[in-house]
Amino acid sequence: MSAQAGTPAQTAHAAPQGTLPAAHALSGGQAAHPVIAHPVIAHAAVAHAAVAHAVIAHPAKTHIVPLSAVPHESFAQQVQNFALNWEPVIAIVFFIALIFLMWRTLKVMPRVKPQQIKPSSNRSVTFADIAGVDEAKAELQEIVEFLREPKPFQALGAKVPKGILLHGPPGTGKTLLAKAVANESGAQFFAQSAASFVEMFAGLGAARIRRLFAIARKHEPAIIFIDELDAVGGRRGSDISGEKDQTLNQLLVEMDGFDSSGRVVVIAASNLLEKLDPALLRPGRFDRQVFVVPPDVKGRLGVLQVHTRDKPMGDVDLGLVAQQTSGLTGADLANICNEAAIFATRRGGTTITIGDFDSAIERVIAGVQSKRVLNVHEKRVVAFHEAGHALCGELLPSVDRVHRISIVPRGRALGYTLNLPAEDRYLKTREELLDYMTVLLGGRAAEQIVFGAITTGASDDLKRVAEIAQSMVHDYAMGTAGVGRSPEGDVRLSETTLRIRDEERQDLIEEARRAAQKMIVAHRPLLDALAAELLEREVLERDSIERIMAGVPRLERAPGIGLRIVAATEAAPVPMPAPIPRPQLSGEDGS
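Scoring rules and cut-offs
Residues numbered from 1 in each chain as written. Predicted model: local features only at pLDDT ≥ 70, side-chain atom pairs only at ≥ 80, totals over all residues. Heavy atoms only, no water. Buried < 20%, exposed > 50% of the residue type's maximum accessible area, 1.4 Å probe, protein only. Helix = DSSP H or I, 4+ residues; strand = E, 2+ residues; numbered from the N terminus. Pairing = 2+ DSSP bridges. Contact = heavy atoms within 4.5 Å. Patch = residues over 30% accessible without salt bridge, like charges linked within 9 Å, V, L, I, M, F, W, Y side chains within 5 Å. Areas by Shrake-Rupley, 256 points an atom, 1.4 Å probe, with all protein chains shown as cover. Salt bridge = Lys/Arg side-chain N within 4 Å of Asp/Glu carboxyl O. Axes fitted to C-alpha atoms, helices over the stretch in contact; angles between N-to-C directions. Phe/Tyr/Trp six-rings, centres within 6.5 Å; stacked < 30°, edge-to-face > 60°. Lys NZ or Arg CZ within 6 Å of the ring centre and 35° of its normal.

Caption draft 1: Up close: the pairing of strand 2 (residues 163-167). With 5 of 5 residues buried, strand 2 lies mostly within the body of the structure. Because side chains alternate across strand 2, one face comprises the buried residues Gly163, Leu165 and His167, and the other comprises Ile164 and Leu166, equally buried. Direction of pairing for strand 2 relative to strand 5 (residues 264-270): parallel, over a ladder of 5 bridges. The residue bridging His167 from the neighbouring strand is Ser270, located in strand 5. When strand 2 meets strand 6 (residues 288-291), the two strands line up parallel, connected through 4 bridges. Each bridged residue has a counterpart across the sheet, and for His167 the counterpart in strand 6 is Phe291.

Spelled out as structure tokens, the structure:
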């Protein structure tokens, strides 16, 4: 071919720079001898020359491909390829991390252990340390006697109650009663809160119930005390996760199941009896339900004596303190005794005086004294507001007498009027509730009469008035229609019934407001005298109030209205009419 006729020099010149160095060393005809002498080199040269001829013969096909034209993978494809290649390793690492996280979670979770109180410990409580709950102590005394000497009861076939439920308002001494039972009976006492049984992981609550009863059975006879039972003993079906229901089921089984023994007594305390599951309240689980009520005057005196027996007392009439603390629980009375000791320490005294108790009662009932400073106008508004309360309380016949009036800010209140009952009462008439609403609205009426405007200071009074009116209409059927509360969950109330109830509630409030306004207008000089002395002294005691109200009689209602409830007397038996002889029919004479 003509493409191969070129000289060696032309071949060497046409060769690219990447050819072998041996091709550049050949020149003219002298190159034949080394090529023939060295066949390997000759073949390489011929091959190299052929490549060179091919490059010269086809110059149009020689081109350089740019780097940008090379196809490359996208970022998503690279991630996908990486995931496919490392998928087994990632799965193994994920499961290892998950197992480690669960292990660490279980390690940091609190391990709740029941609190054990032995009868000989320094935290033990006796019945002598508890006062004001004589009825509850009498109910629990039988449990103490049974656990201490069970043979007389067993001889007659009696069995110890499996469960005792103490329910009532907070602070009445339910936990102290359970500790006293454990100490007096000599049994081991295991206490645990019901809230510690509820966890986010299913099965932990039931496991803790089993653990608690297993520990108690090892120390029989024993007492298990579960505080705040409503945290786990609520009605079943309302829990979304089912953990509480499972825990409650385990508690039911432990109390009255195949594994239950007769020497473990369960004592529980709750403030919400109506929310507990019916299966928990039936006989066989909680055989006795003891209602622990706030103490009366005699009970409050006993509680005060218990909490002051280790304190240096001065000339203090605890009976008067008991009368001034009507409605307070044992925890409140214990707090008053402690606050009185603190006040005595602050003033540098060696004994506790009646003034310390007055300051303590004021702090517990009204709150801590505030350092807020009122301007002159606000101070006059508060003074007339509290004077309106006091004036209505002194004039109405069925309201407790005013013990103290103060315009010193305490807690959230800018002033307060303290009414103390002369006796403990448990029933109220319609007129007495109206009088109480009148006293509450007396402050707002005084503001409107004196200043011609009303302020936001009566917000708490209005809230309490609305609650009383709601209870009078819905709970006590004291409205004009005389219809009380409908059954729970009953929605079959017509619009007319709801409208009538709203109107009756508003009528009661309006009646009390008119009575308060009428009394304040009729006794305006007394209102001004009370407010003037309040502005001067800031606090008025009972003596000052009696001096201002001297010679002013209390209002009286018309006969038959507002009568106080009296004890029923035994009525004479009504003679029964003589029996009417039955007419004799033929054939009944035996003939």
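Caption draft 2: How the structure looks around the side chain of Gln324. Take Gln324: it is sitting in helix 13 (residues 318-324). For Gln324, a relative accessible area of 9% gives the class buried. Contacts of Gln324, omitting those with residues within four sequence positions, involve Asp358, Ile361, His403 and Leu420.

Caption draft 3: Main features of the environment of Val465. Within the element layout of this structure, Val465 appears in helix 18 (residues 459-475). For the pair Val465 and Ile509, spaced 44 residues apart in the sequence, the C-alpha separation amounts to 7.2 Å.

Caption draft 4: Molecular detail of a nonpolar patch on the surface. On the surface, Phe82, Trp86, Val89, Ile90 and Val93 cluster together to form a nonpolar patch covering roughly 490 Å² of accessible area. Note on placement: Val93 falls in helix 5 (residues 75-108).

Caption draft 5: Molecular detail of the sheet that holds strand 7 (residues 402-406). Pairing in this open sheet of 3 strands is antiparallel, and the strands run 8-7-9 from one edge to the other. One side of each edge strand has no neighbouring strand; the edge strands of this open sheet are strand 8 (416-419) and strand 9 (539-541). Each strand axis lies, on average, 10° off the axis of its neighbour in the sheet, ignoring direction. Alignment of strand 7 against strand 9, held across 3 bridges, turns out to be antiparallel. Bridged to Ser406 within strand 9 is Val539. Those strands touched by helix 16 (residues 376-395) are strand 7 and strand 8, and its axis lies near 170° from that of strand 7.

Caption draft 6: Here's a closer look at the packing of aromatic side chains. As enumerated under the stated definition, the model contains 4 aromatic pairs in all. Judged by centre distance (5.7 Å) and plane angle (90°), the ring pair of Phe384 and Phe451 falls under edge-to-face. Of this pair, Phe384 sits in helix 16 while Phe451 sits in helix 17 (residues 430-451), placing them 67 residues apart in sequence. Judged by relative accessible area, which is 7%, Phe384 ranks as buried. In this arrangement the basic side chain of Arg346 is found over the ring face of Phe343, its NZ or CZ atom lying 5.7 Å from the centre.

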